[in-house]
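# Topology and contacts: notes
What follows is the residue order along each chain.
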Amino acid sequence: MSAPFKAVDPMLSRGVGWNRIQSYFRPEVSMRSTQQLSITLPNEMADLIRAKVATGEYATESEVIRDGLRTLLARDRAVEDWLRETVAPAYDALQADPSRAVSAGHVRSALSNAHKKVLAKKR
């Protein structure tokens, strides 16, 4: 007696729908795009997170943490961009032409003069 159908997929021969079920448990494919972490924060930071949720600014404590991490990543990218686009070229230009350098005494004098101007405006 022959079976009413012939399984083309060898996984189907192990059981109906096995290939579909197995795909959910493949270790190389993670179903979850988030991870649960346990962190320890100073009381002030924990209170700040709870306050952000209590005021309705955020729906959950996790949202507060995610937003803070996104802000941290944006700041890190901005610093990396500044280093790559401004600092590194300035360093390279100074290495190529050391006569462009400004003495420490000149910098101190310029800062002192600028500080005096700021103080004079406050009076």
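Residues numbered from 1 in each chain as written. Predicted model: local features only at pLDDT ≥ 70, side-chain atom pairs only at ≥ 80, totals over all residues. Heavy atoms only, no water.

### Topic: the packing of helix α2 (residues 43-54) against helix α3 (residues 61-96)
- Close contact between α2 and α3 brings their axes to 9 Å; oriented N to C, the two are set at 115 degrees. Regarding the angle of α2 to α3, the classification is roughly perpendicular. In this structure, the crossing between α2 and α3 has a hand that is right-handed. Contacts between α2 and α3 involve Ile49, Arg50, Lys52 and Val53 on the former and, on the latter, Glu61, Val64 and Ile65.
- In the contact of α2 with α3, the residues fall into 4 nonpolar, no polar and 3 charged. (Axes fitted to C-alpha atoms, helices over the stretch in contact; angles between N-to-C directions. Helix = DSSP H or I, 4+ residues; strand = E, 2+ residues; numbered from the N terminus. Parallel < 35°, antiparallel > 145°, perpendicular 65-115°, else oblique. Left-handed = near helix turned anticlockwise from the far one by under 90°. Contact = heavy atoms within 4.5 Å. Nonpolar A, V, L, I, M, F, W, Y, C, P; charged D, E, K, R; others polar.)

### Re the confidence of the model for the chain
- Overall, the predicted model of the chain reaches an average pLDDT of 84, with 76% of residues at or above 70.
- Looking across the chain, the model is least confident in helix α1 (residues 18-24), with a mean pLDDT of 47, and most confident in α2, with 98.
- Here residues 1-23 is modelled with pLDDT under 50, and outside its nearest four sequence neighbours on either side it reaches 8 contacts, counting other chains as well. (pLDDT = per-residue confidence, 0-100.)

### Looking at α3
- Given a rise of 1.5 Å per residue, 36 residues ought to cover 52 Å, and the 51 Å separating the end C-alpha atoms of α3 matches this to within 8%.
- Of all the bends found along α3, the most pronounced is centred on Leu83 and spans about 35 degrees. (Expected span 1.5 Å × (residues − 1). Bend = angle between axes of the 7 residues up to and from the residue.)

### Re the layout of surface pockets
- The computed volume of the largest pocket comes to approximately 490 Å³.
- Contributing to the lining of the largest pocket are 14 residues, with Leu37, Ile39, Glu61, Ser62 and Ile65 lying nearest its centre.
- If you list the elements that add at least two residues to the lining of the largest pocket, you get α2 and α3.
- Among the elements that line the lining of the largest pocket, the one with the most residues is α3, at 5 residues.
- The residue makeup of the lining of the largest pocket, split by class, is 7 nonpolar, 4 polar and 3 charged. (1 Å grid on protein atoms, 1.4 Å probe; cavity = no way out; pocket = protein on both sides within 12 Å on 5 of 7 lines; lining within 4 Å. Points joined across faces, edges and corners; volume = space filled by probe spheres on them.)

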